[in-house]
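Results of the structural survey
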Amino acid sequence: MKSTGIPNLYEEGNSLYTLTKFEKPVYGERILIRNSKMYREFSPLRSKLASSIKLGFKPELREEDHMLYLGASTGTTASHISDILSKGVIFAVEFSPVSMIKLSELGKSRENLIPLLLDANKPGQYEPFIDWVDMIYQDIAQPNQIDIFLKNVKYYSPKRGIIMYKSYSMRSDTELKNEINKLKKYFKNISMKNIERFHKGHYAIYVSNH
Ligand code: SAM
């Protein structure tokens, strides 16, 4: 296993793996054992985060981060982030009660994953459950996705953020430029990766203030 520079995320052959304490797969992913340690395959086909990293996206993720995750769904990507943030915590917001069934099961075994059945449009609703936020990760395929992200940025003042941005327009360049300009008011550094190869119409955007 070769280090990727992101904590607890490794590469072997052509695949990415997260170092894990859990021997049971979350969604059927392959588990490898190397030198008595367990590694879960992190597939670019299943996760936009895995695909963006595979394509050279380099977000800063720290083991001890407190992350607000908006649009956690059933927890596919959140489970790998829970491996990565082994000394941190993920506040996983999802408003679909159906997805929440699996997500809350995941939260029972993973101490650092807090499932919250709430609406990402209303950041005040989850404030009682959150101590602080170092980073926001958002994967919400909604036309007002950047406005939702910025609403949460204003509320929680994170230093870093990742947005899995879905393009809704035929003129995606102009649309994206306008949305990036909104982000520039809050973040000094912005980088982007087109992840169309794995996830149609999507870009991974990383924002930070250092
Ligand atoms: N991030 C997930 C993963 O990689 O495993 C996949 C997320 S899926 C593309 C988008 C999710 O966002 C859906 O589960 C949807 O229910 C959720 N969502 C959309 N709008 C939301 C909102 N306003 N508040 C909370 N969740 C929302």
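Not measured: the values here are computed from a predicted model.

Moving on to helix α2 (residues 76-84). Among the nine residues in α2, nine count as buried, and that is most of the element. T76, T77, A78, S79, H80, I81, S82, D83 and I84 are the residues of α2 that are buried.

To continue, consider the pairing of strand β10 (residues 160-166). The element β10 is largely enclosed, with a buried count of six among its seven residues. Note that strand β9 (residues 135-138) and β10 share four bridges and pair parallel. Counted as the bridge partner of M135 is R160 from β10. Chirality of the crossover, the property in question, places the unit of β9, helix α4 (residues 145-156) and β10 among those that are right-handed. Judged from the seven bridges that link them, β10 and strand β12 (residues 202-208) form a sheet pairing that is antiparallel. Residue pairing for β12: K166 is matched across the bridge by H202.

Moving on, we come to the domain arrangement of the protein. Here the protein is described as being made up of domain 1 (2-41) and domain 2 (48-208). Between the C-alpha centres of domain 1 and domain 2 the distance comes to 22 Å. The partner domain 2 presents 16 residues to the 14 residues of domain 1 that form the contact. Taken together, the two surfaces of domain 1 and domain 2 that pack against each other cover about 1300 Å², and 62% of this comes from carbon and sulfur. Our count for the domain 1 to domain 2 interface comes out at one salt bridge.

Along strand β7 (residues 89-94), six of the six residues are buried, which leaves the element largely enclosed by surrounding structure. The side-chain alternation of β7 yields two buried faces, one formed by V89, F91 and V93 and the other by I90, A92 and E94. Bridge count between strand β6 (residues 66-70) and β7: five bridges; the pairing is parallel. Residue pairing for β7: L70 is matched across the bridge by V93. Read as a crossover between parallel neighbours, the route from β6 over α2 to β7 is right-handed. By the bridge criterion, five bridges tie β7 to strand β8 (residues 113-117) in an arrangement that is parallel. Directly across from F91, in β8, lies its bridge partner I114.

Counted according to the given criterion, the structure contains five aromatic pairs. Note on Y10 and Y39: the rings are 5.5 Å apart at their centroids and 85° apart in plane angle, and the pair reads as edge-to-face. Residue Y10 is found in strand β2 (residues 9-12), and its partner Y39 is found in strand β5 (residues 37-42); the two are separated by 29 residues along the sequence. Among the residues examined, Y10 registers a relative accessible area of 21% and is labelled partly exposed. You can call Y39 buried: its relative accessible area is 6%. Geometrically, the ring pair formed by Y126 and Y156 is stacked, given 6.0 Å between the ring centres and 10° between the ring planes. Remark: Y156 occurs in helix α4 and Y126 occurs in the loop between β8 and β9; sequence separation between them is 30 residues. When its relative accessible area of 12% is taken as the criterion, Y156 is described as buried. Aromatic rings pair up to connect Y126, Y155 and Y156 into one cluster. The side chain of K166 reaches across the aromatic face of Y168, ending 5.0 Å from its centre.

Right, let's get into the site of the ligand. Taken together, 17 residues form the shell around the ligand, and within it Y69, T77, E94, D119 and A120 come nearest. T77 is positioned such that a nitrogen or oxygen atom in its side chain is 2.6 Å from an oxygen atom of the ligand. At 2.6 Å, a side-chain N or O of E94 approaches an oxygen atom of the ligand. Isolated, the ligand exposes 610 Å² of accessible area, and the fraction of that covered by the protein chains is 84%. Residues belonging to the shell around the ligand are distributed by class as follows: six nonpolar, seven polar and four charged.

How each quantity is defined
- Residues numbered from 1 in each chain as written.
- Predicted model: local features only at pLDDT ≥ 70, side-chain atom pairs only at ≥ 80, totals over all residues.
- Heavy atoms only, no water.
- Buried < 20%, exposed > 50% of the residue type's maximum accessible area, 1.4 Å probe, protein only.
- Helix = DSSP H or I, 4+ residues; strand = E, 2+ residues; numbered from the N terminus.
- Pairing = 2+ DSSP bridges.
- Right-handed = clockwise from strand over helix to strand, strands pointing away.
- Domains from an automatic or database assignment.
- Contact = heavy atoms within 4.5 Å.
- Buried area = accessible area lost by both parts, 1.4 Å probe.
- Salt bridge = Lys/Arg side-chain N within 4 Å of Asp/Glu carboxyl O.
- Phe/Tyr/Trp six-rings, centres within 6.5 Å; stacked < 30°, edge-to-face > 60°.
- Lys NZ or Arg CZ within 6 Å of the ring centre and 35° of its normal.
- Near = heavy atom within 4 Å.
- Polar contact = N/O pair within 3.5 Å; in protein donor to acceptor, adjacent residues only side chain to side chain.
- Areas by Shrake-Rupley, 256 points an atom, 1.4 Å probe, with all protein chains shown as cover.
- Nonpolar A, V, L, I, M, F, W, Y, C, P; charged D, E, K, R; others polar.

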